[in-house]
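Single-letter residue listing:
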Amino acid sequence: MARNLILSGGLFHDFAATSAALAEALAEVGVESEITEDIAGALSEPSEVQLITVNALRWQMDQDRFADLRPEWRFALPAEARTTLLDHLERGGGLLCMHSASICFDDWQGWPRVLGGCWTWPKSHHPPLGWTGVRVHGGHPVVDGLRDFDVVDEVYSDLDILPDVRPLASSNGQPLIWARPVRRGRVFYDALGHDTRSYENEVHRTLLQRAALWLLKRPVTITE
């Protein structure tokens, strides 16, 4: 089995539930996941896993916008953790980034270049949680042959996205999902996944299983 480290935890989401749902989905395609909320501790030394997943909302937070939040909720990514992530990609590892990963690690200027984009206050936003239609685009093994689907989720909108990013799925004209090579590894971002209803959707679940296989550089053979 391939090993996956899920970096979890943060505000405004039930990360314990979504990380468990993601781990269950990936187990079906031979990926064994360890879940931790100690992001700094888990990345304090070189990683021995083949896949690292960011399913978290850990960021410094704008001091004015989030002045009422407790100081211990603010998070800065240590330098050694950044090095661990970059070394993981340099060795050819995969990095799966879910939903609020685009808000994470705002003290690291290089993170948007790894991810392919980022949430920018106050430009970026999302409509209220609810039903949305997701349009699947072709041209990549993760999404080829998958149909469009409806899901209860948040549609992250007006992210700052790098010019070379080609969306694999979108909603209301907003890019939601993309895949890209970084160093010798691969990165996959999926802006969906606010709560477990997103992971229960058959097409989205299949898409994530395919993404894991692609990140691990294995044949993408999962069908709906």
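- Taking an unreviewed UniProt entry as the reference, the protein is identified by name as ThuA domain-containing protein belonging to Nonomuraea helvata.

## Notes on the overall build of the protein
Right, on to step 1. A count of helical and extended segments in the protein gives 6 helices and 11 strands.
Right, on to step 2. Here the C-alpha radius of gyration of the protein, 16 Å, is about what a compact globule of 224 residues would show, namely 17 Å.
Right, on to step 3. Reported as C-alpha extents along the three principal axes, the dimensions of the protein are approximately 45 × 40 × 35 Å.
Right, on to step 4. Buried residues in the protein amount to 56% of all 224 residues.
Right, on to step 5. A separation threshold of at least 6 residues defines the contact pool for the protein, and within that pool the share at least 24 residues apart is 70%.

## Focus on the packing of aromatic side chains
Right, on to step 1. In this structure the tally under the stated criterion is 6 aromatic pairs.
Right, on to step 2. Measuring from centroid to centroid gives 6.3 Å for F75 and F105, while their planes differ by 45°, and the two rings are tilted. Of this pair, F75 sits in the loop between strand 3 (51-57) and helix 3 (79-90) while F105 sits in the loop between strand 4 (94-98) and helix 4 (111-115), and the two are 30 residues apart along the sequence.
Right, on to step 3. Exposure remark for F75: the relative accessible area of 9% places this residue in the buried category.

## Describing helix 6 (residues 202-215)
Right, on to step 1. Over its 14 residues, helix 6 extends 20 Å from the first C-alpha to the last, a length consistent with the 20 Å expected when each residue adds 1.5 Å.
Right, on to step 2. Burial runs high along helix 6: 13 of the 14 residues are buried.
Right, on to step 3. Where helix 6 begins, the capping side chain belongs to N201, and its oxygen is found 3.0 Å from the backbone nitrogen of V203.
Right, on to step 4. Among the residues trailing helix 6, K217 stands out with phi positive, at a value near 60°.

## A word on the sheet that holds strand 10 (residues 174-182)
Right, on to step 1. Strand order across the open sheet formed by 9 strands is 2-1-3-4-11-10-9-6-7, with mixed pairing between neighbours. In this open sheet, the two strands that pair with only one neighbour each are strand 2 (31-36) and strand 7 (149-153). Going across the sheet, the axis of each strand differs from the next one's by a mean of 25°, ignoring polarity.

## Thoughts on the pattern of salt bridges
A side chain of one charge can pair with a side chain of the opposite charge if their charged atoms are brought near each other.
Right, on to step 1. Counting across every chain of the model gives 8 salt bridges.
Right, on to step 2. We note a salt bridge from E28 to R205, for which the minimum N-O separation is 2.9 Å. Of this pair, E28 sits in the loop between helix 1 (15-27) and strand 2 while R205 sits in helix 6, and the two are 177 residues apart along the sequence.
Right, on to step 3. Linking R147 and E202 is a salt bridge whose minimum nitrogen-to-oxygen distance equals 3.9 Å.

## Details of the environment of H140
Right, on to step 1. Within the secondary structure, H140 sits in the loop between strand 6 (130-136) and strand 7.
Right, on to step 2. Sequence separation of H140 and W178 is 38 residues, and the distance between their C-alpha atoms is 9.6 Å.
Right, on to step 3. The residues contacting H140, other than those within four sequence positions of it, are R166, L168, A179 and W214.

## What about the environment of I161?
Right, on to step 1. Positionally, I161 belongs in strand 8 (residues 160-161).
Right, on to step 2. For I161, a relative accessible area of 27% puts it in the partly exposed group.
Right, on to step 3. Along the sequence, I161 and P112 sit 49 residues apart, while their C-alpha atoms lie 8.2 Å from each other.

Cut-offs applied
Residues numbered from 1 in each chain as written. Predicted model: local features only at pLDDT ≥ 70, side-chain atom pairs only at ≥ 80, totals over all residues. Heavy atoms only, no water. Helix = DSSP H or I, 4+ residues; strand = E, 2+ residues; numbered from the N terminus. Rg over C-alpha atoms; globule rule 2.2 N^0.38 Å. Buried < 20%, exposed > 50% of the residue type's maximum accessible area, 1.4 Å probe, protein only. Contact = heavy atoms within 4.5 Å. Phe/Tyr/Trp six-rings, centres within 6.5 Å; stacked < 30°, edge-to-face > 60°. Expected span 1.5 Å × (residues − 1). Polar contact = N/O pair within 3.5 Å; in protein donor to acceptor, adjacent residues only side chain to side chain. Pairing = 2+ DSSP bridges. Axes fitted to C-alpha atoms, helices over the stretch in contact; angles between N-to-C directions. Salt bridge = Lys/Arg side-chain N within 4 Å of Asp/Glu carboxyl O.

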